[in-house]
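Residue strings, one per chain:
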Amino acid sequence: MNYVLKASALALTLGLATTASPARADFWSDAGAKYKGVTLHGVTESTPPSNYIKNVLAPEFEKKTGIKVEIETTSWDQMYDKAIKDMEAKTGIYDMVYIEQDIIYSYLARDFLVDITKTLKDQPDLKAPTYDDSNFTSFADYFKDANGDLFGTPMEAFLKTYLYRKDLFDDPKIKEAFKKETGKDLKPATTHAEYTEIAEFFTKYGKDNGMELWGTTAQAHTGHPASWYEFFESIVPTFGVYNWGIDAKNNYAATVEHGGTMNGDKAKAALKYWLHLRDIAPPESTQSTWTETATTFAAGRVAQGLIYGENAAWIASDPAQSKVVGQVGFALPPLEPGVLDDAKAGKGYIGYYDGGAFGVPVTSKNKEASLLFLEFIGQNEVQPEWAIAAPRITNKATFDDPKVKEMDTKLGGFYTMLKDEGKLFAGAPPYPFHAQVREATAPIFYDILTGKIGADEGLDQMAAKAEEELTSLGYRK
């Protein structure tokens with residue numbers, strides 16, 4: 001546990017011990033009495049928010065209820081594999097599973113999860129007076145069914161934003177060199193052309209000056225879904241290609257031939273742009289997932305990059321993990337003309353609103369006790385310290401907490417961006433076939449990354465493969 005997490009844990013423990021009202025204490029002890037001695041098992045990806053649950057909230061919940069919570073934190077692929085195999089086999093190993101925003105629709109289609117809204121309505125004795133799902137931000141809407149019932153308690157929510165090194169962008173010598181080379185003032189990019197120019201400059205500047213410095217990150221692993229996600233969730237939307245280029249209202253068309261945009265001109269331009277950035281990024285980029293791009297930025301090896309918000313705060317504030325503390329600026333991703341207008345009009349989005357929730361599998365043997373825990377982590381009261389320890393906000397009230405506001409200032413307005421600009425970003429499209437289409441097209445995408453096929457030809461093949469998969473699944477008629 002890093003020093004921020006330790007401090008947060010202590011602050012939360014002391015705060016809860018001194019401010020909890022008798023009514024709240026009575027509810028948790030009374031509600032937990034019948035489940036005292038039960039051990040709940042959960043599985044989640046090892047992220048800062050998940051580790052906070054494991055190290056801080058789970059022990060606090062046990063003190064109040066007598067219900068022990070064991071949280072298994074592992075890699076993203078292992079987490080997904082373990083959870084879905086447990087639910088498919090109905091073995092009931094896990095009482096709680098991490099639900100990534102982009103997979104929820106598949107889980108709902110397969111009736112994997114307990115309906116939280118309905119259960120708490122049917123069993124009012126389980127409803128904590130300090131829990132109200134109306135306290136959640138709009139991100140919670142991604143975990144609801146068509147009836148508006150909630151199937152997961154949001155536990156992390158963040159944007160994938162444009163990070164840049166303020167110390168480099170403000171350095172007089174570097175600014176002068178950039179001006180001399182480009183004829184422009186050095187400032188955070190707002191277009192892809194500007195971003196490319198800045199990236200090329202810093203990669204050349206690093207080489208010319210014998211520095212371990214490159215112009216951009218690239219989440220371009222040649223055999224991991226992280227690269228597929230970077231392209232479809234973070235890059236193509238900034239070019240005006242939404243929902244992976246699949247038109248659900250047009251018989252789930254993906255190819256241009258049938259009315260889709262997966263292999264359209266904008267998508268092909270986006271891929272060539274991104275491949276060029278990959279080529280001038282640090283050498284580790286071809287093996288980088290969402291984790292490695294963050295560590296690359298934190299090591300001071302790049303001037304700018306698109307980084308998941310779950311990592312942004314520790315990069316900007318934790319000297320135990322980051323060499324660029326106090327030097328990080330935040331901005332919206334670079335965009336093509338018209339994309340921002342689309343986002344403001346609700347016709348598109350500029351990037352990925354990522355995050356996840358904890359849900360209870362219908363196969364859990366301890367559903368009621370698990371729902372108590374989900375209510376516990378969903379309270380307004382536990383959110384501020386959690387938001388400071390890990391850069392996530394799921395409850396509206398958290399934005400106004402004095403401690404969070406103070407941290408927001410230290411981070412250069414990171415939480416303010418989440419609050420004010422979050423509406424411009426979007427989660428993954430509501431596709432029950434999410435994993436199937438990703439898995440069907442990913443091998444072709446990896447072939448593009450390794451140079452086995454060209455960008456244009458590869459996207460043509462991916463779009464055709466997506467339609468083939470959608471046809472076999474019964475979506476395309």
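Here the structure is a predicted model, which means the values were calculated and not measured.

(A) A look at the packing of helix H19 (residues 434–449) against helix H20 (residues 455–472). In the contact formed by H19 and H20, the axes pass within 9 Å of each other and the chain directions differ by 165°. In terms of orientation, H19 lies roughly antiparallel with respect to H20. Of the two possible hands of crossing, H19 and H20 adopt the one that is right-handed. Along the contact surface, H19 presents Gln 436, Val 437, Ala 440, Thr 441, Ile 444, Phe 445 and Ile 448, while H20 presents Ala 455, Gly 458, Leu 459, Gln 461, Met 462, Lys 465, Ala 466, Glu 469 and Leu 470. Tallied by class, the residues present in the contact of H19 with H20 amount to 10 nonpolar, 4 polar and 2 charged.

(B) Highlighting the pattern of salt bridges. Scanning all chains against the criterion turns up 24 salt bridges. A salt bridge links Glu 72 to Lys 82, with the nearest nitrogen and oxygen atoms 2.4 Å apart. Highlighted residues: Glu 72 in strand S2 (residues 68–74) and Lys 82 in helix H4 (residues 76–89), separated in sequence by 10 residues. By relative accessible area, which is 30% here, Lys 82 ends up partly exposed. Between Lys 204 and Asp 208 there is a salt bridge; the shortest N-O distance is 2.9 Å.

(C) The confidence of the model for the chain, seen in detail. Overall, the predicted model of the chain reaches an average pLDDT of 93, with 95% of residues at or above 70. Scored below 50 in pLDDT, residues 1–24 shows 36 contacts in the model against residues more than four places distant or in partner chains.

(D) Quick look at H20. When the terminal C-alpha atoms of H20 are compared, their 26 Å separation across 18 residues agrees well with the 26 Å that a helix rising 1.5 Å per residue should span. Along H20, the residues classified as buried are Ala 455, Gly 458, Leu 459, Met 462, Ala 463, Ala 466, Glu 467, Glu 469 and Leu 470. The secondary structure elements touched by the buried residues of H20 are helix H10 (225–235), helix H11 (265–279) and H19. Trailing H20 by a residue or two, Gly 474 shows a phi angle of about 90°, which is positive.

(E) Representation of the layout of surface pockets. Empty space within the second largest pocket amounts to approximately 290 Å³. Around the second largest pocket sit 23 residues that line it, and Gly 240, Val 241, Tyr 242, Asn 243 and Lys 347 are the ones nearest its centre. The biggest single contributor to the lining of the second largest pocket is H11, with 3 residues. Taken together, the residues that form the lining of the second largest pocket break down as 10 nonpolar, 8 polar and 5 charged.

(F) Structural detail: the packing of aromatic side chains. Tallying each qualifying case throughout the model produces 39 aromatic pairs. A cation sits over an aromatic face here: Arg 392 above Trp 386, 3.8 Å from the ring centre.

(G) Summary view of the domain arrangement of the chain. Domains assigned within the chain are domain 1 (2–158 + 354–418) and domain 2 (159–344). The distance between the C-alpha centroids of domain 1 and domain 2 comes to 31 Å. Each partner contributes to the interface: domain 1 provides 17 residues, whereas domain 2 provides 23 residues. Taken over both partners, the interface formed by domain 1 and domain 2 buries close to 1700 Å², and the fraction arising from carbon and sulfur atoms is 68%. Sorting the residues of domain 1 by area buried against domain 2 places Trp 76, Phe 158 and Met 417 first, and these three jointly supply 33% of that buried surface. If you look at where domain 1 meets domain 2, you find 0 salt bridges. Where the side of domain 1 that touches domain 2 is concerned, the elements lending two or more residues are strand S4 (153–165) and helix H18 (414–421). Here the side of domain 1 that touches domain 2 gets 3 residues from one element, more than from any other, and that element is H18.

Analysis parameters
- Residues numbered from 1 in each chain as written.
- Predicted model: local features only at pLDDT ≥ 70, side-chain atom pairs only at ≥ 80, totals over all residues.
- Heavy atoms only, no water.
- Axes fitted to C-alpha atoms, helices over the stretch in contact; angles between N-to-C directions.
- Helix = DSSP H or I, 4+ residues; strand = E, 2+ residues; numbered from the N terminus.
- Parallel < 35°, antiparallel > 145°, perpendicular 65-115°, else oblique.
- Left-handed = near helix turned anticlockwise from the far one by under 90°.
- Contact = heavy atoms within 4.5 Å.
- Nonpolar A, V, L, I, M, F, W, Y, C, P; charged D, E, K, R; others polar.
- Salt bridge = Lys/Arg side-chain N within 4 Å of Asp/Glu carboxyl O.
- Buried < 20%, exposed > 50% of the residue type's maximum accessible area, 1.4 Å probe, protein only.
- pLDDT = per-residue confidence, 0-100.
- Expected span 1.5 Å × (residues − 1).
- 1 Å grid on protein atoms, 1.4 Å probe; cavity = no way out; pocket = protein on both sides within 12 Å on 5 of 7 lines; lining within 4 Å.
- Points joined across faces, edges and corners; volume = space filled by probe spheres on them.
- Phe/Tyr/Trp six-rings, centres within 6.5 Å; stacked < 30°, edge-to-face > 60°.
- Lys NZ or Arg CZ within 6 Å of the ring centre and 35° of its normal.
- Domains from an automatic or database assignment.
- Buried area = accessible area lost by both parts, 1.4 Å probe.

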